[in-house]
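Residues per chain, in single letters:
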Amino acid sequence: MTSSPHDSPSASGPAPDSLRNAAPDNGPALTREEFDTLFDTVRAWGRWSPEDADRGAWNRVTPEHARRATGLVRTGTTVAMALPWNTVPGPDNGRPALHYMSDLGDVEAPEPSCHKDFIATDYHGKGVSHLDALSHIAYRGQLYDGHTAREVVGAAGARFGSVSALGPLVTKGVLLDLPAVLGIDWLEPGTAVHAADVRAAEKALGVTIGDGDAVLLRSGHFRRRAELGAWNPDAASAGLHVDAMPLLAQRGIALLGGDGDSDVRPSPVEGLHSPVHALAITAMGVPLLDNLDLEALSAACAQAGRYEFLLVVAPLNIPGGTGSPVTPVAVL
C-alpha cells in the first residue's frame, strides 16, 4: 500500500491498529449459529407501524433531522457519488448497463430535430451505484419485519419493502474515510473493518455517528481500481465485519453505504455470502448504498477538514422495485 496524497487526519486521534497489517484479514470467522444469535441481537422488527414498516430505518429521519443537517452546509460545495453509467464488460461488471440512441433526429417531423436514447440496467451488481430497498434481501425466507419473501415478492415486483415506499432521504452523512485515517491509499481487498475500527475512525476524524445518520465507508476501492485495474469484488473486497453491526444498530443509523457493497469478502460467516446485507436490510431495516465513488468526497472532506455533511439520496420511484440506481449528493 502506498502513501496518501491527502493530509491524513490520524494525528487528531488514534488510528485503527487492526487495519495496519499488510496482509488482508476478513476474520474472525463465525458459524451460522453465532450469526443467527447476532441477527436476533440487532433485529428491529415491530419497531414501526405496519403502514410505515417498509421504510424501515428511514422512519428515524424526521424533518428535524433534515433541518439540522442543513446546518452542516458551510461552503455549498456539492459532491456527487455515482459511478459513470458502465456499458463495458469486465470482472466487476458482468451485466453491463445498456445505452443506445433511439432517435437521431430522423424519426419525427424535421423541425426541431429531436435526439433520444434508451438506458437499462440490471443494477444489483458491482457496476452501478445503487440503493438496496428492504425487499432486496431475505434471510431464512423472511424480509424485514417478518414478511415471508415468497408471499410478498413475485414476478410483478415487491408488495412490501419496495423502493417506492422509501422516497427521498435528507439527513446527516458521515464519511468513515479509513485510508485517510491510516495515511494510505486504500484497504486491500479482503480487509475487514471492525467495530473498534469504526470507533477509532470516529475519534480520528472528529465525527460521532448518531440517530438517523447515513454512514458511508470509504475503503479506497475505486482509487485502487484506477491504479491497478479491475478485479472481481465478489471474490475479494474490503468492507465491514459483522461485529461492527451491533454498534451501528445501537447508534440508530438510517442508511449504510460505501465504495464496495458494505460486506467484506470473502464472507467470514459460514454459508452466507452477504452477512452484512442480511443484518442491515433484513434485521435492522437499514437500506444500503452500494458501489459509490467516494474519491471526490474524500478529497472535499479533507480540504474542508470535516467528515460530516448534508446528504441527499433520491431513488427512482419504481413501484415494486427492490432498489434503484441513484446519485447520492453530499453538500458541505
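Residues numbered from 1 in each chain as written. Predicted model: local features only at pLDDT ≥ 70, side-chain atom pairs only at ≥ 80, totals over all residues. Heavy atoms only, no water.

Engineer: What is the right way to look at the overall build of the protein in this model?
Structural biologist: Broken down by element type, the protein carries 9 helices and 15 strands. Along the first, second and third principal axes, the C-alpha set of the protein runs to 65 × 45 × 40 Å. By residue count, 53% of the 332 residues in the protein fall in the buried class. Contacts spanning at least 24 positions in sequence make up 79% of the contacts within the protein whose residues lie at least 6 apart. For the protein, the exposed area adds up to about 14100 Å²; of that, 53% sits on carbon and sulfur atoms. Computing the positive centroid from 25 side-chain charges and the negative centroid from 39, the protein places the two 5 Å apart. (Helix = DSSP H or I, 4+ residues; strand = E, 2+ residues; numbered from the N terminus. Buried < 20%, exposed > 50% of the residue type's maximum accessible area, 1.4 Å probe, protein only. Contact = heavy atoms within 4.5 Å. Areas by Shrake-Rupley, 256 points an atom, 1.4 Å probe, with all protein chains shown as cover. Lys, Arg positive; Asp, Glu negative; His and termini not counted. Charge placed at Lys NZ, Arg CZ, Asp CG, Glu CD.)

Engineer: Sorry if this is basic, but what is going on with the layout of surface pockets here?
Structural biologist: The probe, sized like a water molecule, is rolled over the atoms to show the empty space still left. Approximately 480 Å³ is the volume attributed to the largest pocket. If you trace the largest pocket, you find 31 residues lining it, with His-136, Asp-261, Arg-265, His-273 and Ser-274 closest to the centre. Of all the elements in the fold, those that place two or more residues in the lining of the largest pocket are strand 4 (130-132) and helix 8 (275-283). Here the lining of the largest pocket gets 3 residues from one element, more than from any other, and that element is helix 8. (1 Å grid on protein atoms, 1.4 Å probe; cavity = no way out; pocket = protein on both sides within 12 Å on 5 of 7 lines; lining within 4 Å. Points joined across faces, edges and corners; volume = space filled by probe spheres on them.)

Engineer: Would you explain helix 1 (residues 32-42) in this entry?
Structural biologist: Residues separated by three or four positions in an α-helix point in the same direction, a consequence of the helix having 3.6 residues per turn. Within the sequence span of helix 1, burial applies to Phe-35, Leu-38, Phe-39 and Val-42. An end-on view of helix 1 places all buried positions within 105 degrees of arc, on one side of the element. Facing away from the buried surface of helix 1 by more than 90 degrees, the exposed residues are Glu-33 and Thr-41. Buried positions along helix 1 lie against helix 7 (245-251) and helix 8. (Arc of directions from axis to C-beta.)

Engineer: Just checking my understanding: could you explain the side chain of Asp-177 for this structure?
Structural biologist: Mapped onto the elements of the fold, Asp-177 is located in strand 7 (residues 169-177). Among the polar contacts listed, one links the side chain of Asp-177 to the side chain of Ser-298, at a separation of 2.5 Å. Setting aside anything within four residues of it in sequence, one finds Asp-177 in contact with Leu-205, Arg-218, Ser-298 and Tyr-307. (Polar contact = N/O pair within 3.5 Å; in protein donor to acceptor, adjacent residues only side chain to side chain.)

Engineer: I would appreciate a short explanation of the sheet that holds strand 7 in the present structure.
Structural biologist: One key point about sheets: their strands pair by backbone hydrogen bonds, in either a parallel or an antiparallel sense. The strand order 1-15-13-7-9-11-12-4-14 describes an open sheet built from 9 strands, whose pairing is mixed. Each end of this open sheet is capped by a strand with a single partner; those strands are strand 1 (78-80) and strand 14 (323-325). Going from strand to strand, the sheet's axes swing by 25 degrees on average, the running direction of each strand aside. Where strand 11 (residues 255-258) meets strand 12 (residues 288-290), 2 bridges bridge the pair, whose relative direction is parallel. Considered in strand 12, the bridge of Leu-256 is made with Leu-288. On top of the sheet, helix 9 (residues 295-304) reaches strand 1, strand 7, strand 9 (214-218), strand 13 (308-313) and strand 15 (329-331); it is set at about 85 degrees to strand 7, its chief contact. (Pairing = 2+ DSSP bridges. Axes fitted to C-alpha atoms, helices over the stretch in contact; angles between N-to-C directions.)

Engineer: Where do I start with a nonpolar patch on the surface in this structure?
Structural biologist: On the surface, a nonpolar cluster with roughly 290 Å² of combined accessible area is contributed by Leu-98, Tyr-100 and Phe-118. Here Leu-98 lies in strand 2 (residues 98-104). (Patch = residues over 30% accessible without salt bridge, like charges linked within 9 Å, V, L, I, M, F, W, Y side chains within 5 Å. Salt bridge = Lys/Arg side-chain N within 4 Å of Asp/Glu carboxyl O.)

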